Amino acid sequence: MATKQQLDGLNYKQAQKRNSEKFNSFSKIEQKQARQQGYKNLGWENIRKSWTILQKFIPPSPVDFVGFAIKKAEDQYEQAKQGGDLLEVLKAGKAVIKSLKLKY
């Protein structure tokens with residue numbers, strides 16, 4: 001039995017659908033540019049190549065280290081509250097305040 005091909009864990013139809021959804025979210029100018037670069041969403045090799053082309057149009061999202069620190073501190077605070085240890089709750093609360101200072 002032949003092994004099914006996948007792209008980022010997606011089968012052919014799923015990868016094709018992802019490409020179409022992303023492509024359709026672009027402006028008409030971006031769609032035209034993608035087509036000029038070889039965007040074609042039919043056939044495995046075209047789908048793979050097209051995903052690479054589409055990614056060039058997606059701006060990278062910046063990593064939000066401050067948001068991550070705040071979320072982690074808040075999670076630790078919630079765990080400390082559930083544990084019931086007052087000292088740990090106070091330490092975790094202090095960490096939340098410290099992380100919020102980074103943002104504000």
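Above this text is the structure in question.
(A) Broad picture of the overall build of the protein. The secondary structure content of the protein amounts to 5 helices and 0 strands. Taken against the 2.2 N^0.38 rule, which gives 13 Å for 104 residues, the C-alpha radius of gyration of the protein at 23 Å runs more than 25% over that of a compact globule. The principal-axis extent of the C-alpha atoms belonging to the protein is close to 60 × 45 × 15 Å. In the protein, which comprises 104 residues, the share counted as buried stands at 24%. Pairs at least 24 residues apart make up 49% of the contacts formed inside the protein by residues separated by at least 6 positions.

(B) Broad picture of the pattern of salt bridges. Under the defined criterion, the tally for this structure stands at 4 salt bridges. Notably, a salt bridge pairs Asp 75 with Lys 71, separated by 3.0 Å at the nearest N-O pair. In this pair, Asp 75 and Lys 71 both sit in helix α4 (residues 65-83), 4 residues apart, roughly one turn of the helix. With its nearest N and O atoms 3.9 Å apart, the salt bridge here joins Lys 91 to Glu 88. Here Lys 91 pairs with Glu 88, and both are found in helix α5 (residues 86-103), just 3 residues apart, close to one helical turn.

(C) Representation of the packing of α4 against α5 in the model. Packing of α4 against α5 leaves a shortest axis separation of 8 Å and a crossing angle of 165 degrees. Viewed along their axes, α4 and α5 adopt a mutual orientation that is roughly antiparallel. Between α4 and α5 the crossing geometry is left-handed. Across the interface between the two elements, Val 66, Ala 69, Ile 70, Ala 73, Glu 74, Gln 76, Tyr 77, Ala 80 and Lys 81 of α4 pack against Glu 88, Val 89, Ala 92, Gly 93, Ala 95, Val 96, Ser 99, Leu 100, Leu 102 and Lys 103 of α5. Residue composition of the contact of α4 with α5, by class: 12 nonpolar, 3 polar and 4 charged.

Rules used throughout
- Residues numbered from 1 in each chain as written.
- Predicted model: local features only at pLDDT ≥ 70, side-chain atom pairs only at ≥ 80, totals over all residues.
- Heavy atoms only, no water.
- Helix = DSSP H or I, 4+ residues; strand = E, 2+ residues; numbered from the N terminus.
- Rg over C-alpha atoms; globule rule 2.2 N^0.38 Å.
- Buried < 20%, exposed > 50% of the residue type's maximum accessible area, 1.4 Å probe, protein only.
- Contact = heavy atoms within 4.5 Å.
- Salt bridge = Lys/Arg side-chain N within 4 Å of Asp/Glu carboxyl O.
- Axes fitted to C-alpha atoms, helices over the stretch in contact; angles between N-to-C directions.
- Parallel < 35°, antiparallel > 145°, perpendicular 65-115°, else oblique.
- Left-handed = near helix turned anticlockwise from the far one by under 90°.
- Nonpolar A, V, L, I, M, F, W, Y, C, P; charged D, E, K, R; others polar.

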